[in-house]
Amino acid sequence: MFETLRNVWKIEELRKKVLYTVFMLILYRLLCVVPVPGVDLASVQEGLETFSLLQFMNSITGSNLQMYTIMAMGISPYINASIIMQLLTVAIPKLEEMNKSGEEGRKKIAQITRYVTVALGFLQAVALTSAIGAQASGGTFGLITIGFCMAAGTALAMWIGERITENGIGNGISLLIFAGIISNFANQIAVGAYNAWHMPSYLLIALPVLIISLVLIVAVTCVDLAERRVPVQYAKRVVGRKMYGGQSTHIPLKVNSSGVLPLIFASALMQFPPTILAMFGSSWWDQHINVMGFWYQLVFALLIIGFTFFYSSISFNPDEIAKNMQQNGGSIPGIRQGKPTALFIAKITKRINLFGALFLAVLATIPTLIYGIANVSLPFQASSLLIAVSVALETTRQLES
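All of these numbers come straight from a predicted model, not from anything done at the bench.

**Digging into helix α11 (residues 203–225)**
Here comes step 1: The end-to-end C-alpha distance of α11, which contains 23 residues, comes to 33 Å, matching closely the 33 Å that a straight helix rising 1.5 Å per residue would cover.
Here comes step 2: Three or more residues of α11 are buried, namely V209, S213, L216, V220, V223 and D224.

**Focus: helix α2 (residues 12–31)**
Here comes step 1: The terminal C-alpha atoms of α2 lie 29 Å apart, and with 20 residues this matches the ideal 28 Å at 1.5 Å per residue to within 8%.
Here comes step 2: All of the buried residues along α2 are L14, V18, T21, M24, L25, Y28 and L31. One side of α2 carries all its buried residues, which in axial view fall inside an arc of 150 degrees. Opposite the buried face of α2, at more than 90 degrees from it, the exposed residues are K16, F23 and L30.

**Details of the packing of α11 against helix α17 (residues 382–400)**
Here comes step 1: At a closest axis distance of 10 Å, the pairing of α11 and α17 adopts a crossing angle of 55 degrees. In terms of their interaxial angle, α11 and α17 are classed as oblique. Helix-helix and strand crossings are classified by hand; for α11 and α17 the assignment is right-handed. Contacts from L216, I217, V220, T221, D224 and L225 of α11 reach α17 at L385, L386, V389, S390, L393 and R397.

**Let's talk about a nonpolar patch on the surface**
Here comes step 1: Taken together, the side chains of L203, L207, L210 and L214 define a hydrophobic patch exposed on the protein surface, amounting to about 360 Å² of accessible area.
Here comes step 2: Residue placement: L214 occurs in helix α11.
Here comes step 3: With a relative accessible area of 48%, L214 lands in the partly exposed category.

**Concerning the packing of helix α9 (residues 140–167) against helix α10 (residues 172–198)**
A pair of packed helices is characterised by two quantities: the angle between their axes and the separation of those axes.
Here comes step 1: Running from N to C, α9 and α10 cross one another at 120 degrees; their axes reach a closest spacing of 7 Å. Comparing the axis directions of α9 and α10 gives the class oblique. Here α9 contributes A157, I160, G161, I164 and T165 to the contact with α10, which in turn contributes G172, I173, L175 and L176.

**Remarks on the environment of S267**
Here comes step 1: For S267, the position within the fold is in helix α12 (residues 261–279).
Here comes step 2: For S267, a relative accessible area of 11% translates into the label buried.
Here comes step 3: Measuring from C-alpha to C-alpha, the distance between S267 and S383 comes to 9.1 Å, with 116 residues separating the pair along the chain.

**What to know about the pairing of strand β1 (residues 227–234)**
Residues in a regular strand point their side chains to alternate faces of the sheet.
Here comes step 1: Relative to strand β4 (residues 248–254), β1 runs antiparallel, the two sharing seven bridges. Each residue of the ladder has a partner; that of V230, found in β4, is I251.
Here comes step 2: Relative to strand β5 (residues 330–331), β1 is paired through two bridges, and the arrangement is antiparallel. Pairing of Q233 across the sheet is with S331, part of β5.

**A closer look at the packing of aromatic side chains**
Here comes step 1: Using the criterion set out here, one finds one aromatic pair in the structure.
Here comes step 2: On the basis of an interplanar angle of 45 degrees and a centroid distance of 5.0 Å, the ring pair of F122 and F148 is categorised as tilted. Taken together, the residues F122 in helix α8 (residues 103–132) and F148 in helix α9 connect sequence positions 26 residues apart.
Here comes step 3: The exposure class of F148 is exposed, given its relative accessible area of 53%.

**Focus on the sheet that holds β1**
Two orientations exist for strands paired in a sheet by backbone hydrogen bonds: parallel and antiparallel.
Here comes step 1: In space, the three strands of this open sheet follow the order β4-β1-β5, with antiparallel pairing throughout. Of all the strands in the sheet, the pair left with one neighbour each is β4 and β5.

**Focus on the pattern of salt bridges**
Here comes step 1: Applying the stated rule across the entire model yields four salt bridges.
Here comes step 2: E162 serves as the salt-bridge partner of R114, at 3.0 Å between the closest nitrogen and oxygen. You can see R114 sitting in helix α8 and its partner E162 sitting in helix α9, a full 48 residues away along the chain.
Here comes step 3: On the basis of relative accessibility, which here comes to 26%, the residue R114 falls in the partly exposed class.
Here comes step 4: Assessed through its relative accessible area of 16%, E162 is described here as buried.

**Comments concerning the side chain of S43**
Here comes step 1: Counting through the fold element by element, S43 comes out in helix α3 (residues 41–50).
Here comes step 2: Taking the relative accessible area as the measure of exposure, S43 reaches 14% and is therefore buried.
Here comes step 3: A polar contact is formed between the side chain of S43 and the side chain of D40, at a distance of 2.8 Å.
Here comes step 4: In contact with S43, other than residues within four places in its own chain, are I132, G133 and A134.

Thresholds, definitions, all that
Residue numbers run consecutively from 1 along every chain, following the written order of its sequence. In keeping with the predicted nature of the model, local features appear solely for residues at pLDDT of at least 70, side-chain atom pairs appear and are counted solely at 80 or more, and the whole-chain, interface and lining totals rest on all residues. Excluding hydrogens and water, the side-chain values take into account all heavy atoms of the structure. Working definition: helices are DSSP H or I runs of at least four residues, strands are E runs of at least two. Numbering for both runs from the N terminus. By this rule the span expected of a helix is its residue count minus one, scaled by 1.5 Å. Each residue's exposure class comes from its accessible area (1.4 Å probe, protein chains only) as a fraction of the maximum for that residue type: buried when under 20%, exposed when over 50%, partly exposed otherwise. For this quantity, the arc is that covered by the directions from the helix axis to the C-beta atoms. Interaxial angle, 0 to 180 degrees, is taken between N-to-C directions of lines fitted to C-alpha atoms, where a helix line uses only the stretch in contact. To sort the angles, those under 35 degrees are grouped as roughly parallel, those over 145 as roughly antiparallel, those from 65 to 115 as roughly perpendicular, and the leftovers as oblique. In this scheme, a crossing is called left-handed if the near helix is turned counterclockwise away from the far one by less than a right angle; it is called right-handed if the turn is clockwise. Should any heavy atoms of two residues lie within 4.5 Å, those residues are considered in contact. Excluding any residue in a salt bridge, patches collect residues exceeding 30% relative accessible area, merging like charges within 9 Å and nonpolar Val, Leu, Ile, Met, Phe, Trp and Tyr side chains within 5 Å. Per-residue and other accessible areas follow the Shrake-Rupley method at a 1.4 Å probe size, with only the shown protein chains counted as cover for residues. Definition used for salt bridges: Asp or Glu carboxyl oxygen within 4 Å of a side-chain nitrogen of Lys or Arg. Strands pair, by our definition, only if DSSP identifies at least two bridges between them. Aromatic rings from Phe, Tyr and Trp, with only the six-membered ring used for Trp, were paired whenever their centres fell within 6.5 Å, and each pair was classed as stacked if the ring planes differed by under 30 degrees, edge-to-face if by over 60, and tilted otherwise. In the analysis that follows, any N or O atom pair within 3.5 Å is treated as a polar contact, provided that within protein one partner can donate a hydrogen and the other can accept it, and provided that, for residues neighboring in sequence, both atoms belong to side chains.

Structural data, given as structure tokens:
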């Protein structure tokens, strides 16, 4: 890793890309301290304590939602708009034709996505402000002003992310989320260091938390890099005067192919009922459901396992891989081509997904388990840790390549 960083400064073009990325991330973090006018921060804090879904959004945005800055919505409207456009591309023939028409068609879809992002940012800002009563002064004009300010912040975040992707290193949108998570993590470390300096007895809590955090980071890194390599042998083919094939290769199957999506989906599903009930002024969930309880965590873990297999089923097609291998003269040693190959790959995929799903479920429940046993909170959520590690590894791979 250090060798890679040293080589970065030896290549002028790469050095410029890295400096550009760092500059844009600094600009993004500076914009994250610009407050939205006409906001009651006391109501925002109360809303964060009431709606558990907002706590997850706050951790992703680096506490921007807690401070209600112009970047409070973060990049989430852009992610939602991208998902909506992907679904509409399948459902609407005109968009599907545009998507298949080449680079110009994809540029048009990207432009539509930007417009949808700004509209979603405005609607989400207005709805959120109204739901938690964050508006300091009454009036429709004040609410619209807050919506425009936060929508402008979302547009700026989207622009910065696209510029990083185009002119910098790594995926810009992912790096913005990474910057928010790391800044929140840095704040937790600063608070812990301050408490340890003024209260030496705090080290009895801080050291075990630090050790557990490092172990989890190493475990997530190992699982993220792990892959099952299925050997493939290609037969020799003569085309004209040239001979093709004859080499041995492999199909890399990632252990955690679904990434952080099962955690996000399961968290959103578990936080949806209390958020809806709280919006209607009901406290039934808080009175009858114990978030730290065994049954809640069991359902949460089962949802993560279910979403892992569901995502794998829609994103990975063993039949298509077996068909492509057969067309190119490839085969797995000891396995016949066609259907037997597809069944063999599907069997391996199920075993890998089972391990990945169990790992995600354990990772998601460990912070709650530690809090229930020792009454100590880890400085990050499982989803935040997965996102941060994945983005860091992907950016490192791009630097090395």
